[in-house]
Amino acid sequence: MGSSSISSWVACVGVIIFSLYALAVSHYKLDIAATVCWLPAVVLFNFAVVRLGRGFYPASFNTDITRHQASVLKSKRFRLVGMPISHFVEKVRWCMDIIKCPYEETTAGGLLTMFGRGRSVPFLIDSESCSVIGNSDEIIMYLHGVFVPALLASLPPAEAGPAAAAKRLAVNKLFERTDETIEFERELNTFGHAIQGWAYSYHLSLFTNPNPSTTFLAWGGAEPRVSALERLIIWLLYPLFRVALNITFQLTDEKLREARRAVICAMLDKVDAMLVRQKERYVARLPKTRSRSPKGRGQPAGESSEDYQPFLFGDHISYVDLTFCALVAPLVGFSVVFPKDGSQSLYAAGRFSSFRCFPGQTVRNDVLKDPQEPIVKLEEEIISNRPCGQYIMNMYRNHRKTPII
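Here is what the cut-offs are and how they apply
Residues numbered from 1 in each chain as written. Predicted model: local features only at pLDDT ≥ 70, side-chain atom pairs only at ≥ 80, totals over all residues. Heavy atoms only, no water. Core = buried A, V, L, I, M, F, W, Y, C linked by side-chain atoms within 4.5 Å. Buried < 20%, exposed > 50% of the residue type's maximum accessible area, 1.4 Å probe, protein only. Contact = heavy atoms within 4.5 Å. Helix = DSSP H or I, 4+ residues; strand = E, 2+ residues; numbered from the N terminus. Polar contact = N/O pair within 3.5 Å; in protein donor to acceptor, adjacent residues only side chain to side chain. Pairing = 2+ DSSP bridges. Axes fitted to C-alpha atoms, helices over the stretch in contact; angles between N-to-C directions. 1 Å grid on protein atoms, 1.4 Å probe; cavity = no way out; pocket = protein on both sides within 12 Å on 5 of 7 lines; lining within 4 Å. Points joined across faces, edges and corners; volume = space filled by probe spheres on them. Nonpolar A, V, L, I, M, F, W, Y, C, P; charged D, E, K, R; others polar. Expected span 1.5 Å × (residues − 1). Arc of directions from axis to C-beta. Parallel < 35°, antiparallel > 145°, perpendicular 65-115°, else oblique. Left-handed = near helix turned anticlockwise from the far one by under 90°.

Can you break down the nonpolar core residue by residue, with the values?
One finds Phe191, Trp219, Phe324 and Tyr347 to be the most contacted residues of the largest nonpolar core, which totals 98 residues. Residues within four places of tyrosine 347 in sequence aside, it is in contact with Pro84, Ile85, Ser86, His87, Glu90, Arg93, Ala329, Val336, Val337, Phe352, Phe355 and Tyr396. In terms of nonpolar packing, the next biggest core, distinct from the first, is built from five residues, Ile17, Tyr21, Val25 and Val42 among them.

Written as structure tokens, this is what we have:
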């Protein structure tokens, strides 16, 4: 089944079947003993329906586990379960896209995986090993361990030429983990959760009247990739989700809101300094040319520091670059996620058609109507006044759809 029809429908099937069973118990006035006796049959029936709909993992019946590495690259081995707007899902999605990892994405509606399956997104299903891996950091490490060796085996050897060597170097640099990147990754996790809580405090606050369109679209309320049933649930249960998230994230706590903003600004300052430092190192490495000018030095033709676009840890793109830009994307929503000019969204390589934003498109889905002022101001500051703003836009424009192999 495709990603537009699966999502978290397993939980929905269970709810429907057990609701019908509860109605049957009430209608036929079954006593406790009869209710308990029939319960295993209902559970078995629910299992059968789910299995028929979901299918069986290949390894359930296939005992031949010796497979050629290249076969991994010819099938959709992985399934990524996520939701439309989730910066942690986008981090994994981007990493898989950039190495052409064979995967399908199951797009669940909003918070339904949390309420229906009892687990947050993203999580990755590996059909080769029947493994389920949660947490974006662990997913990337898992891909590095189980997929990248097969990927490198499929590439031409480095001795084949500069292009082959460059591809291998790019893949290795993408997943390279050092003490510095690991520590920075931990800080980014705190940063990501701060963004989540701070943004929700404006979009879902119980004591204000925020425009619900942004949240509806972010949760997939108008997204064809999300099943019709889940879209309906999002619309019907939005007030309940709103109350639940206010309690979970303490969205009405003003001190906590300011603390989250402080964490966000501190990370933005740190990344700005890192980008400036990387550019200074690049300029220092530029060869100097002799000149008859009074200064006696200049830059060779074709090499300009103005054209240089630095990465956070050197001259090669890494998973840390993808992580930072994916986490910040919701903060620059009108530039990356919901472009004001109605152009295709840069977010998720433009796969979510509902993110194309037109002024006054409908009352229900007009995210440009009454935007939250603090969020708009922070986006303007990032895009216009910070080095990281240019860096984020460059990453999304030039690297979101471009694989490194």
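Before we move on, can you summarise unusual backbone geometry with the specific residues and values?
Residues valine 121 and proline 122 are joined by a peptide bond in cis, for which omega reads 5 degrees. Looking at the secondary structure, you find proline 122 in the loop between helix H5 (112-117) and strand E3 (123-126). One non-glycine residue, lysine 100, lies in the positive phi region at around 55 degrees. Counting through the fold element by element, lysine 100 comes out in the loop between helix H4 (87-98) and strand E2 (103-107). Judged by its relative accessible area of 52%, lysine 100 is exposed. Backbone geometry at alanine 348 places phi at a positive 55 degrees, although glycine is not the residue there. Among the secondary structure elements, alanine 348 is positioned in the loop between helix H13 (319-328) and helix H14 (373-385). Since its relative accessible area comes to 0%, alanine 348 is described here as buried.

Give a description of the environment of glutamate 104 that names residues and reports values.
Here glutamate 104 is to be found in strand E2. Distance from glutamate 104 to arginine 77, taken between C-alpha atoms, is 8.3 Å for residues 27 residues apart in sequence. In this structure, glutamate 104 is in contact with Lys76, Phe78, Arg79 and Leu80, ignoring residues within four places of it in sequence. In this structure the side chain of glutamate 104 is engaged in a polar contact, spanning 3.2 Å, whose partner is the side chain of arginine 79.

Give a detailed account of the sheet that holds E2, specifying residues and quantitative values.
Strand order in the open sheet formed by four strands is E2-E1-E3-E4, and the pairing between neighbours is mixed. The open sheet terminates on both sides in strands that have one partner only, identified here as E2 and strand E4 (131-134). Averaged over all adjacent pairs, the angle separating strand axes in this sheet is 20 degrees, with direction ignored. Pairing between E3 and E4: four bridges, direction antiparallel. Note that in E4 the partner of isoleucine 125 across the bridge is valine 132.

Can you lay out the layout of surface pockets for me, pointing to particular residues and giving the numbers?
Take a probe with the size of a water molecule and roll it over the atoms, and the empty space left behind shows itself. By volume, the largest pocket is sized at about 1100 Å³. Lining the largest pocket are 50 residues, with Ile85, Ser86, His87, Gln196 and Tyr200 sitting closest to its centre. At the level of secondary structure, the elements contributing two or more residues to the lining of the largest pocket comprise H4, H5, helix H6 (136-146), helix H9 (179-203), helix H10 (213-218), helix H11 (228-248) and H14. For the lining of the largest pocket, the element with the most residues is H9, which contributes seven residues. When the residues that make up the lining of the largest pocket are grouped by side-chain class, the tally is 27 nonpolar, 18 polar and five charged.

Go over helix H15 (residues 387-398) with me, naming the residues and quoting the values.
With 12 residues, H15 extends 17 Å from end C-alpha to end C-alpha; this agrees with the ideal 16 Å at 1.5 Å per step. When we look at burial in H15, the residues that qualify are Cys388, Gly389, Tyr391, Ile392, Met393, Asn394, Met395 and Tyr396. Of the surrounding secondary structure, the elements contacted by the buried residues of H15 are H4, helix H12 (254-285), H13 and H14.

Tell me what's going on with helix H8 (residues 162-175), and back it up with residues and numbers.
Taking 1.5 Å as the rise per residue, H8 with 14 residues should run 20 Å; its terminal C-alpha atoms sit 20 Å apart, in good agreement. All buried positions along H8 are accounted for by Ala164, Ala170, Val171, Leu174 and Phe175. Buried residues of H8 fall within an arc of 125 degrees about the axis and therefore sit on the same side.

Describe the side chain of arginine 77, with residues and values.
Mapped onto the elements of the fold, arginine 77 is located in the loop between helix H3 (69-72) and strand E1 (78-82). Within the structure, the side chain of arginine 77 is placed 2.7 Å from the side chain of aspartate 126, a separation counted as a polar contact.

Any chance you could break down the packing of H4 against H13 for me, citing the residues and the numbers?
At a minimum axis distance of 8 Å, the contact between H4 and H13 shows a crossing angle of 140 degrees. Taken together, the axes of H4 and H13 lie oblique to each other. You can see that H4 and H13 cross each other, and the crossing is right-handed. Here H4 contributes His87, Phe88, Glu90, Lys91, Trp94, Cys95 and Ile98 to the contact with H13, which in turn contributes Leu322, Thr323, Cys325, Ala326 and Leu327.

Everything listed here is a matter of geometry and, on its own, says nothing about what the molecule does.
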